[in-house]
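This is what each chain is made of:
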2 protein chains.
Amino acid sequence: MAGRKVLIVYAHQEPNSFNGSLKTVAVEELSKQGCSVTVSDLYAMQFEPRATRNDIVGCLHNSNEFNYAVEMTEAYKKGCLSNDLMEEQKKVQEADLLIFQFPLYWFSMPAIMKGWMDRVLVQGFAHDFPNCYDSGLLQNKLAMFSFTTGGTEEMYAKGSMSGDIRYILWPMQHGIMHFCGVKILEPHICFAPEYVSEEKRKEMLTAWAQRLKTLWKEEPINCTPEWYFN
Amino acid sequence: MAGRKVLIVYAHQEPNSFNGSLKTVAVEELSKQGCSVTVSDLYAMQFEPRATRNDIVGCLHNSNEFNYAVEMTEAYKKGCLSNDLMEEQKKVQEADLLIFQFPLYWFSMPAIMKGWMDRVLVQGFAHDFPNCYDSGLLQNKLAMFSFTTGGTEEMYAKGSMSGDIRYILWPMQHGIMHFCGVKILEPHICFAPEYVSEEKRKEMLTAWAQRLKTLWKEEPINCTPEWYFN
């Protein structure tokens, strides 16, 4: 929708990958709608995933015993976070929609993207107990997890050895984004693109573009345990 | 048990932290038993969490389109993985038990530890489809996830807003370790150590040492969806 702002947090090493194409399709389609689209291309940025004292500029609150969460909360209040984090927070603050685009690594997101979550979503910025879940600080934003898998759809069906794909979504959608007050759109999952034909891959890209056309009319999911585990 | 080998993969920035104490207690207690204990202190090692082409030494299999999983499988076969990964794999290979010690970050492990999983557990080394789950390549090993939380035990009870803590264990225990054929011991969870008295924290450390005394008699859990979601 014209005027809306979208942040795509993108984690793939290879621009020519299928994930790269999904990202490009999203940039093109959303731009065509008049959205303003920003991409955080984590590998290209060599984004730092490690949560260390380098994330705090200047003196620590308690330098005898380093407590990351405590230090980050203090540093956020005082405007003493490292520049890379302030920039990501600014992008998040401005965005109406966050799209996370990545290949599934070990039933989760790649470490570089987990590091983005660990470091950017600081207490005071994204949540501030008891301001979490429906009263999290990033209310009025939407998030969507868009990812590719190695396994086929059948491998991630309920009752299969790898279990329902929704089990995997719980920590990411509920534990992170919903915790920060963000509303969750249905995930967009491309199963096993490496094992299908070039034609089928093109169909997947077209389906993604199609979905994005009507994205702003979608209702968020009801992000409760029932959605994931029933 | 005397002669057994243990690898502790440890992710905390601060040696004086409660996680640091849990790690030290484990090293001491297991050493006292005659076990040989190795610690991978990920922050101290400045362990690299990002999955990039730097993980492969020498020429890529396909340098036109970088596919991390494909390249890593080839590099493993040819002995062309980066040194840090070969060293971690050697430690895993030799270990009878892997203990993962960390603070819970966003319903999961910190990015630096996720990076250890992403980069070390290469196809051909840890799994090789269809050799996964009970026929994974790291059979005859045990793993335990030992972690601290910010939230209290009640906050991670079934029916609570954050859901059963077991939901969070699915990707880590089942999706990673069980996928590689590793048998899973009951997790060791210290809830909200930051919010209890010094005395209670000491009790937690004593309880951990006590558990480790009889660790080798424990039966692995039945790592099926029922354990997690029923």
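Right above here is the structure, for reference.
Since we're looking at a predicted model, the values are computed, not measured.

Draft legend 1. Spatial organisation of helix α1 (residues 18–32) of chain B. Residue and element names in this part refer to chain B. Here α1 is 15 residues long and its end C-alpha atoms lie 21 Å apart, about the 21 Å a rise of 1.5 Å per residue gives. When α1 is considered as a whole, its buried residues turn out to be F18, N19, G20, L22, K23, V25, A26, E29 and L30. On the buried face of α1, the contacting elements are β1 (5–10), β2 (36–41), β3 (97–103), β4 (142–148), β6 (188–190) and α6 (198–213). Remark: G34 follows α1 within two positions and exhibits a positive phi of approximately 95°.

Draft legend 2. Quick peek at the interface of chain A and chain B. Tallying the contact residues gives 52 residues for chain A and 52 residues for chain B. Note on chain A versus chain B: buried area summed over both sides is about 4100 Å², and carbon and sulfur give 63% of it. Together, A:R50, A:W106 and A:M161 form the three largest contributors to the area buried by chain A at its contact with chain B, with a combined 21%. Between the two partners, chain A and chain B, sit 2 salt bridges. If you list the elements that add at least two residues to the side of chain A that touches chain B, you get α2 (68–78), α4 (111–120) and α5 (165–177) of chain A. Here the side of chain A that touches chain B takes 7 residues from α5(A), the largest share from any one element. Along the lines of polarity and charge, the residues of the side of chain A that touches chain B split into 28 nonpolar, 16 polar and 8 charged.

Draft legend 3. Spotlight on the packing of aromatic side chains. All names here are of chain B. On inspection of all chains with the given rule, the structure shows 39 aromatic pairs over all chains. Between W227 and Y228, the aromatic rings sit 4.7 Å apart at their centres with planes inclined by 70°, giving edge-to-face as the arrangement. Owing to a relative accessible area of 13%, W227 belongs among the buried residues under this scheme. Sitting above the plane of the F66 ring, R53 keeps its charged end 4.5 Å from the centroid.

Draft legend 4. Seen up close, the relation of the copies chain A and chain B. Expressed as a screw operation, the relation of chain A to chain B combines 0.0 Å of axial shift with a rotation of 180°, fitting to an RMSD of 0.0 Å. What we have between these two chains is a two-fold relation. The rotation axis passes nearest to the C-alpha of A:A111 in chain A, at a distance of 2.5 Å.

Draft legend 5. Spatial organisation of the packing of helix α3 (residues 83–94) of chain A against α4(A). Residues and elements named next belong to chain A. Across the interface, α3 lies against α4 with an axial gap of 10 Å and an inter-helix angle of 90°. As judged from the angle between their axes, α3 and α4 are roughly perpendicular. For the pair formed by α3 and α4, the contact residues are D84, L85, E88, Q89 and V92 on the first element and W116, R119 and V120 on the second. By residue class, the composition of the contact of α3 with α4 is 4 nonpolar, 1 polar and 3 charged.

The rules behind each value
Residues numbered from 1 in each chain as written. Chains lettered and ligands numbered in written order. Predicted model: local features only at pLDDT ≥ 70, side-chain atom pairs only at ≥ 80, totals over all residues. Heavy atoms only, no water. Helix = DSSP H or I, 4+ residues; strand = E, 2+ residues; numbered from the N terminus. Expected span 1.5 Å × (residues − 1). Buried < 20%, exposed > 50% of the residue type's maximum accessible area, 1.4 Å probe, protein only. Contact = heavy atoms within 4.5 Å. Buried area = accessible area lost by both parts, 1.4 Å probe. Salt bridge = Lys/Arg side-chain N within 4 Å of Asp/Glu carboxyl O. Nonpolar A, V, L, I, M, F, W, Y, C, P; charged D, E, K, R; others polar. Phe/Tyr/Trp six-rings, centres within 6.5 Å; stacked < 30°, edge-to-face > 60°. Lys NZ or Arg CZ within 6 Å of the ring centre and 35° of its normal. Least-squares fit on C-alpha atoms with pLDDT ≥ 70 in both. Axes fitted to C-alpha atoms, helices over the stretch in contact; angles between N-to-C directions. Parallel < 35°, antiparallel > 145°, perpendicular 65-115°, else oblique.

Any functional reading would require information that these geometric values do not contain.
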